[in-house]
Amino acid sequence: MTQSFHSRVLLVFVGLIVLTLAGTTAGMYVAARRTAHGLANQQLQITERMVLDTLGARDHEYRTSLQALAGDFAFREAVSTHDAATIASALANHGARVGADVAVLMDNAGRILASTDSSLQTPAAAPVVRLLAAACDQAAGPVIAGFSGKLMQLVVVPVRAPDTVGWVGMGFVMRDFVADQIKAISGTDVSFVAERNGGMPMLAASTLPQSQRDALERQLQALLAPGAAAGITGLEGEDYLTKVIAVGNGGQAFFAILQLPEQIVSAPLQALRHDLVWWAGPFAILSLIAAMLGARFLAEPVQALATAARNLTGSNRGEDVAVQKADDVSTIAGALHTLTHRTQYDPLTGLPNRTLFAEWLSSSISRAEREHTPLAVVFVDLEGFRSINDHLGRAMGDLVLRKTAQRLLRCLRPTDVVARLGADEFVLILDGVSQVGALQIVERLMPVIAKPMESPGGPIRVSMRAGVAVYPDHARDRESLLHLADAAKHESKNRKQTTVVARPPAVDPTPTVSVSVSSIRAVSSTDTWSGVPWEGDDLSTQPMKKIDIDTPEGA
Amino acid sequence: MMRRNRQIVLNNAQGAGAFRVSIGVESVREIELHVSVRWWGAAVACAAFACGAGAAQVNVMIEDAGAAPVHDAVVALLPAAGVPPSSTPKPPVALDQVKKQFVPHVLAIEVGTTLYFPNSDNIRHQVYSFSEAKRFELKLYSGKSAAPVLFDQPGVVVLGCNIHDWMSAYVYVVPTPYFAMTDKDGHAVIKAPPGKYTVKIWHPRYAHGRDAVSLQFEVAHDTESLQQTLTLAAEDDSPGVPPEHQ
């Protein structure tokens, strides 16, 4: 019972600790995971804005430099007067000055009048020419065209004299450094992709190393498929969080692929897992130790109570509950002790009552059996006690009983037992004492008890009668011993003697005794001894009478 | 007075937008001095025309597709018989620059007219034209220091300022004394002697740099009148505005 209380407390503690630790750790991990993914997405979003900003800034920068050419008086004159030589030279010179990869002049209908790249006048360049025409609308935003394996950012501005007489345009190839610049700030890998007319998409610039760039190019079609805008892409054994953004672009699709190494999410999580193990592990061990100590701390008083209860209800003669501390437990223990004491001791004399006497006699018999020692049971009552009670009052009777108990105790060894069965009936258990010894003790007791007792109404005199039965000479069991002793006492009473009468063992035929014992058991259960109130002498005397009847008289 | 109305709708292949031009002609018994011109150069031209006798009054009304009147359209009547030679020198005409704008924005003059370009702003302007009808450049100047320019070829001359890119003006040089510009109500009145004419209409929003639309009609001595309507495609090329006004 107490063991299970201790285990239960421990189980609850350990369960709480495990639950709390597991819950906290899991919650922390989930939150950290969400944060890591959120940060990565935020970085991708920032990069997306940077890509758009970069394209816009480049557009603005190129437009400004192109306006310098468009506003040049000589160039305007050349365009107005269709001076082809001047136009060609101006396109080449200014293009080289601002780092353009191609420079063109178009009329108001979008036809190319002059170009530094003759391939622009071939049919293959038609999409680019269309994009150039689209780029005339500045509000359309940056225009990027894929052309002969390259991506070009196109800028077109009008030539006014002062009416619009033509459009001058330039193309700037988007090289890796554009992506590199974005990566330098954002830390995100950036790749620029244009969709060729009906053909495979083309990877034109990227921050990725060549091998991963090739791997990305192989996956382009899948990546650019509608509805596949984000996810994880594996490139040469390394995973990337990938985001594809489409840039508004005059009709021809242009994409930027933004990629973050998946490690940026998983590495901190791995570190967190590691840290959690290092922190939670020792904490778990410390908590478990604390739980064990706590469980013991809580269970200890309960165990003490349980031990006390065991001791109280057991037959340990003379042992008491050791109550050292004045706390709730000691209060309970004290109450237990008091309760138990009341059920086992006679409150008037403080002597063990019938119940306790029965237990002790049983254990004394067991010990005598084990150690092959004799044991004497002496039944004592007081002659004339009833008349004292009747004539002098119960208080005086009680006084006589208390005095008698004191005198009996005083004359005996500390190991001897004096119990009060009821009314004026006392029983002594004398361990290791034979019939002769018992008779001597009784003789020694007689004059002591017979001494007058001081009382407010004058000295009172009582005399004692006794019957002795000895283990193993007269009987071997508790009830027979008691009955024989009682019978012996009655005999002395019948004979009007104040001396001790012990029944000789020879005249106690075994069959008769065994019959009488069985008849006792048949009449009343063992509860006769333990359950009878200590004052109920009617019941206690009844079975003894039967023995008297069955026992051969005069033996 | 008998009146005969004829409607001709010319659809321009270019499409977007349209002008609707109504031309009504009625013969007049008396010559009226029409004073609805707004600058003295044109007034002088009309006064010169008033010296003739037995002229007809040609009323021109131009509105856009939304029936709003179109102003600053140039209407010129080219006599089929050719312009009678005139020894009278053409009076010079001014084209001013005020608040970084050419004033007027559109100007019609007869061939042989001299334009001079006063600068009413307190900053320097440049004037240039790369147009075939008259190519010239007046380098940066202020006040009235610029030399006058003779316009001796018919056609459209687009003027710009190399400093202020938004500044533009259109000078329509016509080879006839019979011309006018529509007023803010889209209305123009030309007095011309009886005879066969080709009418040419021109507006910066319609056909700068291209030939003006042509229409044949006759101005007779009797009380006959005719009404014609043309629809012309417009181009969106409104005159420039200084950046601070945008």
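A quick note: this is a predicted structure, and the numbers were derived from the prediction, not measured. Numbering of residues starts from 1 in every chain and runs along the sequence as written. Chains and ligands are labelled by the order in which they are written, letters from A for the one and numbers from 1 for the other. For a predicted model such as this one, the threshold for reporting local features is a pLDDT of at least 70, and the threshold for listing and counting side-chain atom pairs is 80 or more; totals across whole chains, interfaces and linings nevertheless cover every residue.

## A look at the overall build of chain A
Secondary structure counts use DSSP, requiring at least four H or I residues in a row for a helix and at least two E residues in a row for a strand, with both numbered from the N terminus. Along the backbone of chain A there are 16 helices and 15 strands. Residue burial is a threshold on neighbouring C-beta atoms within 10 Å of the residue's own C-beta, all placed from the backbone, with 20 or more meaning buried, 12 or fewer meaning exposed, and counts in between meaning partly exposed. Per-residue burial over chain A gives 34% buried out of 555 residues.

## Describing the overall build of chain B
Within chain B, the secondary structure is distributed over 2 helices and 18 strands. The buried share of chain B, reckoned over its 246 residues, is 37%. Residues are scored as being in contact if the C-beta atoms we place from backbone atoms lie within 7 Å. Partitioning the intrachain contacts of chain B with sequence separation of at least 6 by distance along the chain shows that 72% fall at a separation of at least 24.

## With respect to the interface of chain A and chain B
Counting residues at the interface gives 9 residues for chain A, matched by 10 residues for chain B. The dominant element in the side of chain A that touches chain B, judged by the number of residues it contributes, is helix α2 (residues 73-80) of chain A, at 3 residues. In the scheme used here, Gly and all other residues not listed as nonpolar or charged are polar, with Ala, Val, Leu, Ile, Met, Phe, Trp, Tyr, Cys and Pro taken as nonpolar and Asp, Glu, Lys and Arg as charged. Split into classes, the residues belonging to the side of chain A that touches chain B amount to 3 nonpolar, 3 polar and 3 charged.

## Focus: the pairing of strand β12 (residues 155-160) of chain B
On a regular strand, each side chain points to the face opposite its neighbour's, so the side chains alternate between the two faces of the sheet. Residue and element names in this part refer to chain B. Counting buried positions over the 6 residues of β12 gives 5, a clear majority of the element. Between any two strands, pairing holds if DSSP finds at least two bridges. Looking at chain direction, β12 and strand β13 (residues 168-174) are connected through 6 bridges and run antiparallel. Its bridge partner lying in β13, Gly 160 is registered against Ser 168.

## Overview of the pairing of β13 of chain B
Of all the 7 residues making up β13 of chain B, 7 are buried; the element is thus mostly covered by neighbouring parts of the structure. Residues Ser 168, Tyr 170, Tyr 172 and Val 174 of chain B line one face of β13 of chain B and the alternating positions Ala 169, Val 171 and Val 173 of chain B line the opposite face, and both faces are buried.

## What to know about the sheet that holds strand β4 (residues 93-94) of chain B
Residues and elements named next belong to chain B. On the basis of which strands lie adjacent, the open sheet formed by 3 strands has the order β4-β8-β11 and mixed pairing. The outermost strands of the open sheet, each flanked by one partner alone, are β4 and β11 (149-151). Where β4 meets strand β8 (residues 113-116), 2 bridges bridge the pair, whose relative direction is parallel. Bridging from a neighbouring strand, Val 93 pairs with Leu 115 of β8.

## Re the environment of Leu 55 of chain A
Residue and element names in this part refer to chain A. Within the secondary structure, Leu 55 is located in helix α1 (residues 2-70). Taking the C-beta count within 10 Å as the criterion, Leu 55 has 23 such neighbours and is therefore assigned buried. As a C-alpha pair, Leu 55 and Val 247 span 192 residues in sequence and 9.6 Å in three-dimensional space. When sequence neighbours within four positions are dropped, the list of residues in contact with Leu 55 reads Pro 142, Gln 153 and Val 247.

## Quick notes on the confidence of the model for chain B
Residues and elements named next belong to chain B. Per-residue confidence for chain B gives a mean pLDDT of 71, with 60% of residues at or over 70. Of all the helices and strands in chain B, helix α1 (residues 40-49) carries the lowest mean pLDDT, 29, while β11 carries the highest, 95. Per residue, pLDDT captures the predictor's confidence, and it can take any value from 0 to 100. Here residues 1-17 is a poorly scored stretch, pLDDT under 50, and it has 34 contacts once near neighbours within four places are set aside; other chains count. Taken over the whole predicted complex, pTM reads 0.60, whereas the ipTM for its chain interfaces reads 0.71.

## As for the sheet that holds strand β4 (residues 150-160) of chain A
Residues and elements named next belong to chain A. Pairing is antiparallel across the open sheet formed by 5 strands, whose spatial order is β2-β1-β5-β4-β3. Of all the strands in the sheet, just β2 (112-115) and β3 (143-147) have a single pairing partner and so form its edges. Averaged over neighbouring strand pairs, the angle between their axes works out to 30° when direction is ignored. Relative to β4, β3 is paired through 5 bridges, and the arrangement is antiparallel. The residue bridging Gly 146 from the neighbouring strand is Leu 151, located in β4. Geometry is summarised by axes, namely lines fitted to C-alpha atoms with helices restricted to the contacting stretch, and by angles between N-to-C directions that run from 0 to 180 degrees. The sheet strands contacting α2 are β1 (102-106), β4 and β5 (164-173), and the helix crosses β5 at an angle near 115°.

## Side note on the packing of α2 of chain A against helix α3 (residues 84-98) of chain A
For any two helices packed against each other, the geometry is given by the interaxial angle and the distance between the axes. Residue and element names in this part refer to chain A. Look at α2 against α3: their axes get within 8 Å of each other, and the N-to-C directions meet at 135°. Looking at the two axes, α2 sits oblique to α3. The two elements α2 and α3 meet at a crossing, and its hand is left-handed. Taking contact as the criterion, the partners of Ala 74, Phe 75, Ala 78 and Val 79 in α2 are, on α3, Thr 86, Ile 87 and Ala 90. Along the lines of polarity and charge, the residues of the contact of α2 with α3 split into 6 nonpolar, 1 polar and no charged. Orientation labels follow simple angle bins: below 35 degrees gives roughly parallel, above 145 gives roughly antiparallel, 65 to 115 gives roughly perpendicular, and whatever is left gives oblique. Each crossing is labelled by how the near helix is turned from the far one, with a counterclockwise turn of less than a right angle marking it left-handed and a clockwise turn marking it right-handed.

## Remarks on the nonpolar core
Nonpolar side chains in soluble globular proteins generally cluster together in the buried interior. Counting residues in each nonpolar core, the largest one holds 118 residues, and the members touching the most others are Leu 132 of chain A together with Val 74, Val 75, Leu 77, Val 171, Phe 179 and Ile 190 of chain B. Once you skip the residues sitting within four places of it in the chain, Leu 132 of chain A turns out to touch Val 104, Met 106, Leu 154, Val 156 and Gly 169 of chain A. Put simply, a nonpolar core is a cluster of buried Ala, Val, Leu, Ile, Met, Phe, Trp, Tyr and Cys residues tied together by C-beta atoms within 7 Å. Membership of the second largest hydrophobic core comes to 47 residues, among which are Leu 351, Val 378, Val 462 and Val 468 of chain A.

## Brief notes about α2 of chain A
Where α2 of chain A is concerned, the buried positions are Phe 75, Arg 76, Ala 78, Val 79 and Ser 80 of chain A. One or two residues past the end of α2 of chain A sits His 82 of chain A, with phi positive at roughly 55°.

## Quick word on the packing of helix α10 (residues 385-392) of chain A against helix α11 (residues 394-411) of chain A
Residue and element names in this part refer to chain A. At a minimum axis distance of 6 Å, the contact between α10 and α11 shows a crossing angle of 145°. Within the contact between the two elements, α10 uses Phe 385, Ile 388, Asn 389 and Leu 392 and α11 uses Arg 394, Met 396, Gly 397 and Val 400. In terms of residue class, the contact of α10 with α11 is made up of 5 nonpolar, 2 polar and 1 charged.

## Section: unusual backbone geometry
Cis geometry marks the peptide bond from Ala 161 of chain A to Pro 162 of chain A; its omega dihedral reads -20°. Summarising the element assignment, Pro 162 of chain A is placed in the loop between β4 and β5. For the peptide bond that leads from Val 103 of chain B to Pro 104 of chain B, omega is 0°, which places it in the cis range. Within the element layout of this structure, Pro 104 of chain B appears in the loop between β6 (101-103) and β7 (106-110). Backbone geometry places His 82 of chain A, a non-glycine residue, at a positive phi of 55°. Take His 82 of chain A: there are 12 C-beta atoms within 10 Å of it, and that puts it in the exposed class. The phi dihedral of Ala 423 of chain A is positive, around 40°, even though this residue is not glycine. Within the fold, Ala 423 of chain A resides in the loop between β12 (417-422) and β13 (425-431).

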